[in-house]
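# Report on the structure
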Number of protein chains: 2
Amino acid sequence: MSRFPASVWAKLMRQVLSEQSPELLKTVPYNGLFILRKAISDYLRRVRGMQVKPSQIIIGAGTEYLYSRLLQLLGGSAVAMEDPGYKKFGAIADSLKIPWVHIPIDGKGIQTKALAESGAGAVHVSPANHFPTGIVMPRQRRRELLEWAYEERERYIIEDDYDSELRYRGKILPTIYAMDRQQRVIYMNTFSKSLVPSIRISYMVLPDPLMERYRRTLSFYSCTVSSFEQCTLAKFISEGYLERHVNRQKTYYKDKRDKVIAALGRSRLMEIARICEHHTGTHFLLKVRTAMSDEEIREKAEEKDMHLELLSGYFHAPEHGTSGTIVINYASIEPDKIDQAVSTLEKIFEADIEKKD
Amino acid sequence: MSRFPASVWAKLMRQVLSEQSPELLKTVPYNGLFILRKAISDYLRRVRGMQVKPSQIIIGAGTEYLYSRLLQLLGGSAVAMEDPGYKKFGAIADSLKIPWVHIPIDGKGIQTKALAESGAGAVHVSPANHFPTGIVMPRQRRRELLEWAYEERERYIIEDDYDSELRYRGKILPTIYAMDRQQRVIYMNTFSKSLVPSIRISYMVLPDPLMERYRRTLSFYSCTVSSFEQCTLAKFISEGYLERHVNRQKTYYKDKRDKVIAALGRSRLMEIARICEHHTGTHFLLKVRTAMSDEEIREKAEEKDMHLELLSGYFHAPEHGTSGTIVINYASIEPDKIDQAVSTLEKIFEADIEKKD
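Just so we're clear, the structure is a prediction, and the values are computed from it rather than from any experiment. (Residues numbered from 1 in each chain as written. Chains lettered and ligands numbered in written order. Predicted model: local features only at pLDDT ≥ 70, side-chain atom pairs only at ≥ 80, totals over all residues. Heavy atoms only, no water.)

This next bit is on the layout of surface pockets. What the second largest pocket holds in volume is close to 1,300 Å³. Taken together, 43 residues line the second largest pocket, and the ones lying closest to its centre are Thr-27 of chain A together with Tyr-162, Ser-192, Lys-193 and Pro-197 of chain B. Put simply, the parts of the chain that give the lining of the second largest pocket at least two residues each are α3 (63-74), α4 (87-95), β7 (185-190), α8 (191-194) and α11 (241-266) of chain B. Element by element, the count of residues in the lining of the second largest pocket is highest for α11 of chain B, at 5 residues. Its residues placed into classes, the lining of the second largest pocket shows 15 nonpolar, 17 polar and 11 charged. (1 Å grid on protein atoms, 1.4 Å probe; cavity = no way out; pocket = protein on both sides within 12 Å on 5 of 7 lines; lining within 4 Å. Points joined across faces, edges and corners; volume = space filled by probe spheres on them. Helix = DSSP H or I, 4+ residues; strand = E, 2+ residues; numbered from the N terminus. Nonpolar A, V, L, I, M, F, W, Y, C, P; charged D, E, K, R; others polar.)

Printed below as a string of structure tokens:
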């Protein structure tokens, strides 16, 4: 991510070094340094309107790390996840021998009826920006999810809020965490995505009772992030750099999205395709009316040295009836290569476009 | 750890920053940066006489993190650990619902007969410097352990080599890893202990077949250490700073150990106590002939505001017949407070000393 403000980061690192804080030499508390947890707590209040105490936050080296601790914390009951969805979550559960189920989504997100029937005790959702579809879960579905959680004592919603700031139209909805009145939402987010992937810092917010259980049963696991990087990030957040960076990112990605959509608009592809869910994140869906199977599309793309992600690749259920839907991830495409990429796409679907005529 | 060469570390950090290596912005490979794995591989060859390819090394944020991945990798069969021993290992296994057994040690380390009878598929040992006894496992016992591993196809020895460089008398024995001819040893070490606890970098060396299994089943877990700290540590090792630091540490701790032993020698405590296993690490045992139970000793110490670690606290088995043995950990005691600490100890055992007269 070339947008990473490396010089600011370096400046803050030098400051941390020169201040020679005694924190830098001490063992880090299992949940992370207070100054960073405080900075995150303030940030969440300011930017997301969330009431989070620093004592509810656990800092960890990446969300996968935190998901793995969280699944241990929640114990043996099955966890549910969206289908299609974030596949690693299932892999993490598998690696911990924790049962999981996949629940189909519709245009508003996870289907709460199917969730209730699944018998799961917790569910992983990304309401702000569903991957890979880009669907934003409306308020009503969020409320239904909370109702599902309230039906039983130990039901939890794991809310993955990554990239929520990247919303290009409409207001950013309040988090499910902020709507919750019964301490049933675990909130997750990461700086590896919004800053730079080589910095491994994520965090989770636990409701007080779960935090107490974590302290009792899992706090023997030492914190996985060095105090040096925690101090640097704390400065980065509390001095306002994160907000500025996030705003720049939003402009940058919106601009890139507009360029990709404009290039598609100029191509003949749009005679057989339409764009969906393009108002959040760094990806959207391109639904193509094609005679080819997804396997054939993928092969044709590879012949042309293009790696295509198809929505069908993200499903758990074997029969989902989705084909011809491409996940266009524009996060890492170079702006001057957009036209070329669109023209390659056009060639892949040449036969479909010609047949249409 | 005040011996940490903070100014060298800061200098290397600044170098890494100013070099602006593209590595710093890229996603870190799951097993860590090649330059760091190469530096560790060279270091192990030079200092420990070990043949380790960089491709066998996995970098992780702390040994607890790596142990937790390793236990997942080894699958469901029971793991054995030393009794007394590193209690966190049992806690990690518990948190992953993996069965574990404790095996008594004798003066040479873990008892291989009891190990063979336990049915465990892997065993955790710290042969270079057993915690908390300080016992060094002799060659013969190491060979017996390897024989145990070779008896079945999937038996592994987990060799924890932390603090192995802190040996004040006699030669440092080769690692079990170096003696192994059938790829049955997993080697673990950490920089958090030898450098500074706030830097969370450890590593494990896997035999090729296990590494291949890790890549296949667990490599979806992203690396937990930021590339910036990996680059800094790689420089620290390859430019020879680690060896110099370790040598200074050795002199520093040997000197401190000598001071503690000299202070004990001047006290009347030695009329009823003897010192054992004081040639490695940062701790030794003080065996006291006392009429008090360990509970009484601990209470008496607390009355005098002294926190005492007793060997009995490290046992898993309830009946181990050990009492009156104090674990003297001199790592963090200030040199000018040694005499005072010894005099407090003397007061705790006043009644025993007087009775002796």
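Here we come to the sheet that holds strand β12 (residues 325-329) of chain A. Residue and element names in this part refer to chain A. Strand order in the open sheet made by the 4 strands is β9-β10-β12-β11, with antiparallel pairing throughout. Of all the strands in the sheet, the pair left with one neighbour each is β9 (273-276) and β11 (309-310). The pairing of β9 with strand β10 (residues 283-288) spans 4 bridges and is classified as antiparallel. Residue Ile-275 lies in a different strand from β10, and its bridge partner there is Leu-286. (Pairing = 2+ DSSP bridges.)

Another aspect to go through is empty space enclosed by the protein. In this approach, a probe sized like a water molecule rolls over the atoms, and the result shows the empty space that is left. Summed over all chains, the structure comprises 6 cavities of 30 Å³ or more. By volume, the largest cavity is sized at about 70 Å³. Every residue lining the largest cavity is listed: Arg-200, Thr-224, Val-225, Ser-226 and Glu-229 of chain A together with Ala-61, Arg-200, Thr-224, Val-225, Ser-226 and Glu-229 of chain B. Looking at side-chain class alone, the lining of the largest cavity contains 3 nonpolar, 4 polar and 4 charged residues.

Residues and elements named next belong to chain B. One open sheet accounts for 4 strands, arranged β9-β10-β12-β11; its pairing is antiparallel. In this open sheet, the two edge strands, each paired with only one partner strand, are β9 (273-276) and β11 (309-310). Running over the sheet, α11 touches β9, β10 (283-288) and β12 (325-329) and is turned about 15° from β10. (Contact = heavy atoms within 4.5 Å. Axes fitted to C-alpha atoms, helices over the stretch in contact; angles between N-to-C directions.)

A separate point is the pairing of strand β2 (residues 79-83) of chain A. All names here are of chain A. Counting buried positions along β2 yields 5 of 5 residues, so the element is predominantly enclosed. For β2 and strand β3 (residues 100-106), the ladder comprises 5 bridges, and the chain directions are parallel. Across the sheet, residue Asp-83 finds its bridge partner in β3, namely Pro-104. The β-α-β motif built from β2, the intervening helix α4 (residues 87-95) and the parallel element β3 has right-handed crossover chirality. (Buried < 20%, exposed > 50% of the residue type's maximum accessible area, 1.4 Å probe, protein only. Right-handed = clockwise from strand over helix to strand, strands pointing away.)

Here we take up the environment of Thr-63 of chain B. All names here are of chain B. Its location among the elements puts Thr-63 in helix α3. Taking C-alpha positions, Thr-63 is 8.7 Å from Arg-200, a pair spaced 137 residues apart along the chain. Setting aside residues up to four positions removed in sequence, Thr-63 forms contacts with Tyr-86, Met-188, Asn-189, Thr-190 and Ser-202.

This part takes up the side chain of Glu-165 of chain A. Looking at the element boundaries, Glu-165 of chain A is found in the loop between β6 (156-160) and α7 (176-179). Aside from chain neighbours lying at most four places away, what touches Glu-165 of chain A is Ile-172, Ser-194, Val-246 and Lys-250 of chain A.

To continue, consider unusual backbone geometry. A cis amide bond links Asp-83 of chain A with the next residue in sequence, Pro-84 of chain A, at an omega value of 0°. Omega for the peptide link from Phe-131 of chain B to Pro-132 of chain B comes to 5°, which places this bond in the cis form. On the secondary structure map, Pro-132 of chain B appears in the loop between β5 (122-125) and α6 (139-150). In this structure, Gln-183 of chain A is a non-glycine residue whose phi angle is positive, near 55°. Relative to the elements of secondary structure, Gln-183 of chain A occurs in the loop between α7 and β7 (185-190). Assessed through its relative accessible area of 39%, Gln-183 of chain A is described here as partly exposed. Within the chain, Asp-305 of chain A stands out as a residue other than glycine whose phi angle is a positive 60°. Residue Asp-305 of chain A is classed as exposed on the basis of its relative accessible area of 78%.

Glancing now at the relation of the copies chain A and chain B. Mapping chain A onto chain B calls for a rotation angle of 180° and an axial translation of 0.0 Å; the resulting RMSD is 0.0 Å. Within this description, the copies of the chain are treated as partners about a two-fold rotation axis. Most of the interface of chain A is mirrored in chain B, where 100% of its interface residues again form contacts. (Least-squares fit on C-alpha atoms with pLDDT ≥ 70 in both.)

Frequently, the measure chosen for interface size is the accessible area removed from exposure when the parts meet. Taken together, the 42 residues of chain A in the interface contact 42 residues of chain B. Taken together, both faces of the contact between chain A and chain B bury some 3,200 Å²; the carbon and sulfur share is 59%. Contact with chain B buries surface across chain A, with Leu-25, Ser-198 and Phe-220 of chain A losing the most and accounting together for 18% of the total. At the boundary of chain A and chain B, one finds 0 salt bridges. Elements with a contribution of two residues or more to the side of chain A that touches chain B: α1 (6-19), α3 (63-74), α4 and α10 (227-238) of chain A. Ranked by residues supplied to the side of chain A that touches chain B, first place goes to α3 of chain A with 5 residues. Tallied by class, residues from the side of chain A that touches chain B come to 22 nonpolar, 11 polar and 9 charged. (Buried area = accessible area lost by both parts, 1.4 Å probe. Salt bridge = Lys/Arg side-chain N within 4 Å of Asp/Glu carboxyl O.)

What follows is about the packing of α3 of chain B against helix α9 (residues 208-217) of chain B. All names here are of chain B. Contact geometry of α3 with α9 gives a least axis separation of 10 Å together with a crossing angle of 95°. The angle between α3 and α9 falls in the class roughly perpendicular. In contact with Arg-69, Leu-73 and Leu-74 of α3, α9 contributes Leu-210, Arg-213, Tyr-214 and Thr-217. Across the contact of α3 with α9, the residue classes tally to 4 nonpolar, 1 polar and 2 charged. (Parallel < 35°, antiparallel > 145°, perpendicular 65-115°, else oblique.)

Residue and element names in this part refer to chain A. At a minimum axis separation of 9 Å, α1 and α10 run at an interaxial angle of 120°. By the angle between their directions, the pair α1 and α10 is classed as oblique. In this structure, α1 meets α10 at a crossing whose hand is right-handed. Residues Val-8, Trp-9, Leu-12, Met-13, Gln-15, Val-16, Leu-17 and Glu-19 of α1 pack against Phe-228, Glu-229, Cys-231, Thr-232, Leu-233, Lys-235 and Phe-236 of α10. (Left-handed = near helix turned anticlockwise from the far one by under 90°.)

A separate point is the domain arrangement of chain A. Residue and element names in this part refer to chain A. Here chain A is described as being made up of domain 1 (6-239) and domain 2 (244-356). Counting residues at the interface gives 30 residues for domain 1, matched by 24 residues for domain 2. Between domain 1 and domain 2, the buried area comes to about 2,400 Å², and carbon and sulfur atoms account for 61% of it. By the criterion of area lost to domain 2, the three top residues of domain 1 are Lys-87, Leu-166 and Tyr-168, representing 28% of everything that side buries. Here domain 1 is connected to domain 2 by 0 salt bridges. The interface formed by domain 1 and domain 2 includes 13 residue pairs in polar contact (both at pLDDT 80 or more). For the side of domain 1 that touches domain 2, the element with the highest residue contribution is β2, accounting for 3 residues. When the residues that make up the side of domain 1 that touches domain 2 are grouped by side-chain class, the tally is 14 nonpolar, 7 polar and 9 charged. (Domains from an automatic or database assignment. Polar contact = N/O pair within 3.5 Å; in protein donor to acceptor, adjacent residues only side chain to side chain.)

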